[in-house]
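Close look at the chain arrangement
Spelled out from the first residue to the last, the chains are:
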Amino acid sequence: MISFEDYKHSTPIQIRFSDIDKINHVNNAVYLNYFETSRVNYFDTVFKGRTNWNKLGFVLARNEINYLHPIHLEDEIFCLTKVIKLGNKSLTLKNTVLKKNGAEFIECANGIGVLVAMNYETRESIPLPQEWSDLIVTGK
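Everything numeric in this text was worked out from a predicted model, so none of it was measured. (Residues numbered from 1 in each chain as written. Predicted model: local features only at pLDDT ≥ 70, side-chain atom pairs only at ≥ 80, totals over all residues. Heavy atoms only, no water.)

This part takes up the packing of aromatic side chains. By the definition in use, this model includes 12 aromatic pairs. Aromatic side chains Tyr 42 and Phe 43 sit 5.2 Å apart centroid to centroid with 70° between the ring planes, which places their arrangement in the edge-to-face category. Among the residues examined, Phe 43 registers a relative accessible area of 5% and is labelled buried. It is Lys 82 that lies over the ring of Tyr 7; its NZ or CZ is 4.6 Å from the centre. (Phe/Tyr/Trp six-rings, centres within 6.5 Å; stacked < 30°, edge-to-face > 60°. Buried < 20%, exposed > 50% of the residue type's maximum accessible area, 1.4 Å probe, protein only. Lys NZ or Arg CZ within 6 Å of the ring centre and 35° of its normal.)

Listed below in C-alpha cells is the structure:
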C-alpha cells in the first residue's frame, strides 16, 4: 500500500469539469497534467528558488502511466512525487495519484517520467548540476 511517507512531496489536485470524459471519469490524458503540476511543485519546493528556470532546467524525455482505479469529478486526490534515479544528465521521477476514500487512500495511477537537464540558452543537454543532485538527495 502506498503512503504519503513514501514520497518527498505531495500536491493536492483540483479536478476540473473539463478533466472529465464521456463516461464521467478523469480522461487518461489529464493524468499527465497532474504529474506535471506535481513535478513543478516538487522542484519549487526542493530547489527553494535557487535555480534560474530561464537558463537551466529540464525537458521531459519519457512518460509512462499505469491506470489502476478511475477518478471522478467529486473525488479528493493528491499527486505524490519523488526522484527514484539520478543519472549523469537525467533523472527519473515517480508519481502516484491517490484518491481519498474515507480514512484511507486508493492508488488510482502511478507512473515514471524521465527528465533531461538542459541549458535553455544553448538548447543542449547538460550534466545534472551538483547543487541540484545535492538538494534532491539531502534537501539542503
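If you walk through the whole model with that rule in mind, you get zero disulfides. Lacking any disulfide linkage, Cys 79 is separated from the closest cysteine sulfur, that of Cys 108, by 11 Å. (Disulfide = S-S within 2.5 Å.)

Here the focus is the side chain of Thr 96. Here Thr 96 lies in strand E4 (residues 90–101). The exposure class of Thr 96 is buried, given its relative accessible area of 0%. Within the local environment of Thr 96, its side chain forms a polar contact with the side chain of Tyr 7, the two groups lying 2.5 Å apart. Excluding its chain neighbours within four sequence positions, the residues that come into contact with Thr 96 are Ile 2, Tyr 7, Phe 78, Cys 79, Leu 80, Glu 107, Ala 109 and Asn 110. (Helix = DSSP H or I, 4+ residues; strand = E, 2+ residues; numbered from the N terminus. Polar contact = N/O pair within 3.5 Å; in protein donor to acceptor, adjacent residues only side chain to side chain. Contact = heavy atoms within 4.5 Å.)

All right, on to helix H2 (residues 130–138) then. For H2, the set of buried residues is Trp 132, Ser 133, Leu 135 and Ile 136. Down the axis of H2, the sector holding all buried residues measures 165°, keeping them to one side. In this structure, H2 carries Gln 130 and Val 137 as exposed residues pointing more than 90 degrees from its buried face. Along its buried surface, H2 packs onto helix H1 (30–47), strand E2 (56–67), strand E3 (77–86), E4 and strand E5 (104–119). (Arc of directions from axis to C-beta.)

In this section: the pairing of E4. The sheet contact formed by E3 and E4 spans nine bridges and is antiparallel. Considered in E4, the bridge of Leu 86 is made with Leu 91. As consecutive antiparallel partners, E3 and E4 are separated by three residues. Examined bridge by bridge, E4 and E5 share 12 bridges and lie antiparallel to one another. The residue bridging Asn 101 from the neighbouring strand is Glu 104, located in E5. What sits between E4 and E5 in their antiparallel hairpin is a turn of two residues, with Gly 102 showing a positive phi close to 70°. (Pairing = 2+ DSSP bridges.)

For the rest of this paragraph, the subject is H1. Its 18 residues place the ends of H1 26 Å apart at the C-alpha level, agreeing with the 26 Å of an ideal helix rising 1.5 Å per residue. Those residues of H1 that fall on the buried side of the exposure criterion are Val 30, Tyr 31, Tyr 34, Phe 35, Ser 38, Arg 39, Tyr 42, Phe 43, Val 46 and Phe 47. At its buried positions, H1 is contacted by strand E1 (9–13), E2, E3, E4, E5 and H2. Phi for Lys 48, located one or two positions after H1, is positive at around 50°. (Expected span 1.5 Å × (residues − 1).)

Interpretation in functional terms is not warranted from these geometric data alone.
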